[in-house]
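So you can see what is in the structure, the chains are spelled out below.
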Amino acid sequence: QVQLVESGGGLVQAGGSLRLSCAASGRTFGIANMGWVRQAPGKEREFVAAINWNHGSTHYADSVKGRAIISKDNAKSTVYLQLNNLKPEDSAAYYCAEDEEGWNSVAVSATEFDYWGQGTRVTVSS
């Protein structure tokens, strides 16, 4: 079992940027993909981005393409999400998530993840 701890959320103005971090601990040898999923109040969880832990392939939701950059540091068992040109509709709790099955492909949906962090809140004001 892996533990995921997110950080970096906060309150920003529209057009601003944030860099979220997620540190994994425990059984990190099982990581196939890591990614980010967000959930706004009253809405379903929405896939944001994912990165394959081995070859580094990435996938982004259409809603954040061109504005989000997911990256990783395998040695630190850490995944990052750079969010640029933030919009009010980006406001949500952002959850770090891990997939342990798709070792040879990049995750493309929230249903592919097996473990989740506690979330970090992102609030974008206009």
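Please read all numbers here as calculations on a predicted model, not as lab measurements. (Residues numbered from 1 in each chain as written. Predicted model: local features only at pLDDT ≥ 70, side-chain atom pairs only at ≥ 80, totals over all residues. Heavy atoms only, no water.)

S.K.: I would appreciate a short explanation of unusual backbone geometry in the present structure.
M.R.: For residues besides glycine, phi is generally negative; the peptide bonds are generally trans as well. The phi dihedral of Ser77 is positive, around 50°, even though this residue is not glycine. Looking at the element boundaries, Ser77 is found in the loop between strand E7 (68-73) and strand E8 (78-83). Residue class for Ser77 comes out buried when judged on its relative accessible area of 12%. (Helix = DSSP H or I, 4+ residues; strand = E, 2+ residues; numbered from the N terminus. Buried < 20%, exposed > 50% of the residue type's maximum accessible area, 1.4 Å probe, protein only.)

S.K.: Help me understand the pattern of salt bridges in this model?
M.R.: Two side chains carrying opposite charge are able to pair once their charged atoms lie near each other. The tally for this structure, following the rule as stated, stands at four salt bridges. Taking the shortest distance from any N to any O, the salt bridge between Asp90 and Arg38 comes out at 2.8 Å. Linking Asp90 in the loop between E8 and strand E9 (92-99) with Arg38 in strand E4 (residues 33-39), this pair joins segments that are 52 residues apart in sequence. Each member of the pair, Asp90 together with Arg38, is buried. Two residues, Asp62 and Lys65, come together in a salt bridge whose shortest N-O distance is 3.0 Å. (Salt bridge = Lys/Arg side-chain N within 4 Å of Asp/Glu carboxyl O.)

S.K.: How should the pairing of E7 be read in this particular structure?
M.R.: Both faces of the sheet carry side chains from a regular strand, because those side chains alternate between them. Judged from the six bridges that link them, E7 and E8 form a sheet pairing that is antiparallel. Pairing of Ala68 across the sheet is with Leu83, part of E8. (Pairing = 2+ DSSP bridges.)

S.K.: What exactly am I supposed to notice about the nonpolar core here?
M.R.: A general tendency of soluble globular proteins is for nonpolar side chains to be buried together. Within the largest apolar cluster, 37 residues are counted, with the highest numbers of intra-cluster contacts made by Met34, Trp36, Ile70, Val79, Leu81 and Tyr94. Going through the elements one at a time, strand E1 (2-7), strand E3 (18-26), E4, strand E5 (46-52), E7, E8, E9 and strand E11 (120-125) are the ones with two or more residues in this core. Considering each element in turn, this core owes the most residues, five residues, to E5. For Tyr94, the contacting residues outside a window of four places in its chain are Glu6, Leu20, Trp36, Val37, Arg38, Val48, Leu81, Leu83, Gly119, Thr120 and Val122. (Core = buried A, V, L, I, M, F, W, Y, C linked by side-chain atoms within 4.5 Å. Contact = heavy atoms within 4.5 Å.)

S.K.: Before we go on, may I ask you to explain the packing of aromatic side chains in this structure?
M.R.: Two descriptors summarise a pair of aromatic rings, namely the distance from one centre to the other and the angle between the planes of the rings. Under the criterion given, the structure shown has two aromatic pairs. Ring centres of Phe47 and Phe113 lie 6.4 Å apart, and the angle between their planes is 10°; on these two criteria the pair is classed as stacked. Of the two residues, Phe47 is situated in strand E5 and Phe113 in the loop between E9 and strand E10 (115-116); the sequence distance between them amounts to 66 residues. The buried category is assigned to Phe47, whose relative accessible area is 9%. Overall, Phe113 belongs to the buried group, its relative accessible area being 6%. With centroids separated by 6.0 Å and ring planes inclined at 75°, the aromatic side chains of Phe113 and Trp116 adopt a geometry described as edge-to-face. Of the residues examined, Trp116 reaches a relative accessible area of 29% and is grouped as partly exposed. Among the aromatic residues, those joined into a cluster by ring pairs are Phe47, Phe113 and Trp116. Residue placement shows Arg45 over the ring face of Trp116; its charged tip is 4.5 Å from the ring centre. (Phe/Tyr/Trp six-rings, centres within 6.5 Å; stacked < 30°, edge-to-face > 60°. Lys NZ or Arg CZ within 6 Å of the ring centre and 35° of its normal.)

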